[in-house]
Amino acid sequence: SQVSLEEESQNPPAVGHWKPLMPSKGDKEEPEGGCQDAGGVHEAQSTEQLNVSRLRSSSVEIREKGSEFLRDELHKAQKELKLKDKECERLSKVREQLEQELEELTASLFEEAHKMVREANTKQAAAEKQLREARGKIDMLQAEVTALKTLVITSTPSSPNRELHPQLQSPSKGGFRKGHGRNKSTSSAMVSAASQNVAPEPVSRECREVDSILFAEFQAWKESPTLDKSCSFLDRIYREDVGPCLDFTKQELSELVRVAVEQNTLTIEPVAFQTVPVGKVAAEECGGPKKCALSGLPRTCKHRIMLGDSGNYYYISPSCRARITAVCNFFTYIRYIQQGLVRQDVELMYWEVMRLRREMSLAKLGFYPSEM
């Protein structure tokens, strides 16, 4: 039995397998009787205890190895989970950053698009405004050039236009005459002179002489033409002609008219004579067809004026229109000189300025053509 126990200790049975205890063939026969039974029971108990202890040690060992394996797997899984968490956090930050950049880019694109649209609209409006102003200026310049050719180029002191100046026509033509009539004594004197074979002076020829002071002031202004009335040339004309010619009874309106004439923003248009229904007269129309807004006197008003783009109309009498027109003609001519549109000798320009001053003087004294 001892030999068999040693063999079994050297070759342990498999876990969970019970090996039956069988006597080997070479063993001696067990003694008969009670001794043999007691020894067999004791041997079986010890074998069973040994097997139980082996089983216990094997299960403990297996549990320990399993626990160690599970711990290792758990550590590996935790490490992988931490790596996954870090990767997810990094990807979340990248996604948030990309979303923020996309929002900023979209907002900047929309803002830039709106800015470009606003700039385009502003440029279009400015271009349309400049186009309208340019067309208006072109039309005005064409009309002024036509008038200049008629009034200036065709009517110079050296070759005056007799149709524009009826006072230069001979009496035989029966043209328009204003001023003093010839008395009988003068006529008889001319007849006696003719009888004595003395050639009389032409009636249409007028004598004139250049004033040295006025001519010097005009020459100084012509060197650097300007519309600033502080220069001696324009200062004198303002004091002697422009100021008195635009000095009407209604002082406040007279000042507005003077400013509009200086800025070239005054408009004169004829009045269409028609019956205006009572109560429908525009509130901005001052004066009326039968009352002058500048003089305040009851006159038949054939024209009305508008100052700038205000839309307010003022009825004016023929006398007031003649005074305003004379001043406008003067300013138009000196503007042409300033812009270099007049190609004439200085003396011819001077005499044209004097002619325009004479028109202002006559207009402020109340003389005006009947067609006004």
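Structure shown above.
Report follows, based on the coordinates.

Conventions we followed
- Note that residues are indexed from 1 along each chain, following the sequence as it is written.
- In view of the model being predicted, local features appear only for residues whose pLDDT reaches at least 70, and side-chain atom pairs are presented and counted only at 80 or more, with totals across whole chains, interfaces and linings using the full set of residues.
- With hydrogens and water set aside, each side-chain value is computed from the structure's full complement of heavy atoms.
- Numbering goes from the N terminus for both helices and strands, where a helix is a DSSP run of H or I of at least four residues and a strand is a run of E of at least two.
- Under the scheme applied here, a residue whose accessible area is under 20% of the maximum for its type counts as buried, over 50% as exposed, and between as partly exposed, the area being computed with a 1.4 Å probe on protein chains only.
- Contacts between residues were defined by any pair of non-hydrogen atoms, one from each residue, lying within 4.5 Å.
- Surface exposure here means Shrake-Rupley accessible area, sampled with a 1.4 Å probe, where a residue is shielded only by the protein chains that are shown.
- Just to be clear on terms, a salt bridge is a Lys or Arg side-chain nitrogen sitting within 4 Å of an Asp or Glu carboxyl oxygen.
- Criterion used throughout: strands pair if DSSP finds at least two bridges between them.
- Only the stretch in contact is used when a helix axis is fitted, and all axes are lines through C-alpha atoms; the angle between N-to-C directions ranges over 0 to 180 degrees.
- Should an angle fall under 35 degrees it is taken as roughly parallel, and over 145 as roughly antiparallel, whereas 65 to 115 is taken as roughly perpendicular and any remaining angle as oblique.
- To count toward a patch, a residue needs a relative accessible area over 30% and no salt bridge; like charges are then connected within 9 Å, while nonpolar side chains (Val, Leu, Ile, Met, Phe, Trp, Tyr) are connected within 5 Å.
- Asp and Glu count as negative and Lys and Arg as positive, but His and the ends of the chain are not part of the count.
- Note on charges: their place is set at NZ of Lys, CZ of Arg, CG of Asp or CD of Glu.
- Working definition: a ring pair exists when centres of Phe, Tyr or Trp rings (six-membered ring for Trp) sit within 6.5 Å. Plane angles under 30 degrees give stacked, over 60 give edge-to-face, the rest tilted.
- Consider the ring centre and the ring normal. A charge sits over the ring if Lys NZ or Arg CZ is within 6 Å of that centre and within 35 degrees of that normal.
- Side-chain classes follow a simple rule in which Ala, Val, Leu, Ile, Met, Phe, Trp, Tyr, Cys and Pro form the nonpolar group, Asp, Glu, Lys and Arg form the charged group, and the remainder, Gly included, forms the polar group.

It is worth spelling out the overall build of the protein chain at this point. On a plain count of helices and strands, the protein chain comes out with eight helices and three strands. The order of helices and strands in the protein chain, counted from the N terminus, is α-α-α-α-α-α-β-β-β-α-α. Residue burial in the protein chain is summarised as follows: out of 372 residues, 22% are buried. Of the contacts made within the protein chain by residues no fewer than 6 positions apart, 66% connect residues no fewer than 24 positions apart. Summed over all atoms, the accessible surface of the protein chain reaches about 27200 Å², with 55% contributed by carbon and sulfur.

Take the pattern of salt bridges next. Enumeration according to the criterion identifies 13 salt bridges in this entry. Residues Lys65 and Glu61 are paired through a salt bridge, measuring 3.3 Å at the closest nitrogen-oxygen approach. Residue Lys65 and its partner Glu61 are both found in helix α2 (residues 34–153); the two are separated by four residues, about one turn of the helix.

Glancing now at the sheet that holds strand β3 (residues 313–316). Judged by pairing direction, the sheet is antiparallel, and its three strands sit side by side in the order β1-β2-β3 without closing on themselves. Looking along the sheet, the strands with just one partner apiece sit at the ends: β1 (266–270) and β3. Strand-to-strand, the axes of this sheet are offset by a mean angle of 30°, without reference to chain direction. Taken together, the four bridges between strand β2 (residues 303–307) and β3 define a ladder with antiparallel strand orientation.

With that out of the way, let us pick up the packing of helix α5 (residues 232–245) against helix α8 (residues 346–364). Viewed as axis vectors pointing N to C, α5 and α8 meet at an angle of 30°, and their least axial separation amounts to 8 Å. By the angle between their directions, the pair α5 and α8 is classed as roughly parallel. Note on element contacts: α8 touches α5 through Val353, Arg357, Met360, Ser361, Ala363 and Lys364, opposite Phe233, Arg236, Ile237, Glu240, Asp241, Val242, Pro244 and Cys245.

Moving on: the pairing of β2. Burial analysis of β2 places five of its five residues in the buried class, which makes it a mostly covered element. Judged from the five bridges that link them, β1 and β2 form a sheet pairing that is antiparallel. Within β2, the position partnered with Pro270 by the bridge is His303.

Attention shifts here to a negative patch on the surface. On the surface, Glu64, Glu68, Asp72, Glu73 and Glu80 cluster together to form a negatively charged patch. With respect to the helices, strands and loops of the structure, Glu68 is situated in helix α2. Taking the relative accessible area as the measure of exposure, Glu68 reaches 44% and is therefore partly exposed.

We now examine the side chain of Ser254. Mapped onto the fold, Ser254 is located in helix α6 (residues 251–262). Ser254 has contacts with Leu246, Asp247, Phe248 and Leu294, leaving out every residue within four places of it along the chain.

This part is about the pairing of β3. Here β3 shows a buried face lined by Tyr313 and Tyr315 and a second buried face lined by Tyr314 and Ile316. The hairpin formed by β2 and β3 contains five residues between the paired strands, and Gly308 there has a positive phi angle of roughly 65°.

Moving on, we come to the environment of Gln338. Among the structural elements, Gln338 can be located in helix α7 (residues 318–339). C-alpha separation for the pair Gln338 and Thr226, spaced 112 residues apart in sequence, amounts to 6.5 Å.

Summarising the element assignment, Asp241 is placed in helix α5. Overall, Asp241 belongs to the buried group, its relative accessible area being 3%. Non-local contacts of Asp241, meaning those with residues more than four positions away in its chain, are made with Arg236, Arg357, Met360, Ser361 and Lys364.

This paragraph deals with the packing of aromatic side chains. Applying the stated criterion across every chain yields a total of eight aromatic pairs. Relative to Tyr350, the ring of Phe215 has its centre 5.2 Å away and its plane inclined at 90°; by these criteria the two rings are edge-to-face. One end of the pair, Phe215, is in helix α4 (residues 212–223); the other, Tyr350, is in helix α8, with 135 residues separating them in the sequence. Among the aromatic residues, those joined into a cluster by ring pairs are Phe215, Phe218, Trp221, Phe233, Tyr350 and Trp351. Looking at Arg208, its charged tip hangs above the ring of Trp351, at a distance of 4.7 Å from the centre.

Before going further, it helps to spend a moment on the packing of α4 against α5. Across the interface, α4 lies against α5 with an axial gap of 8 Å and an inter-helix angle of 125°. On the basis of the axis angle, α4 is oblique to α5. Residues Ile213, Leu214, Glu217, Phe218 and Trp221 of α4 form the contact with α5, whose own contacting residues are Ser232, Phe233, Leu234 and Arg236. In terms of residue class, the contact of α4 with α5 is made up of six nonpolar, one polar and two charged.

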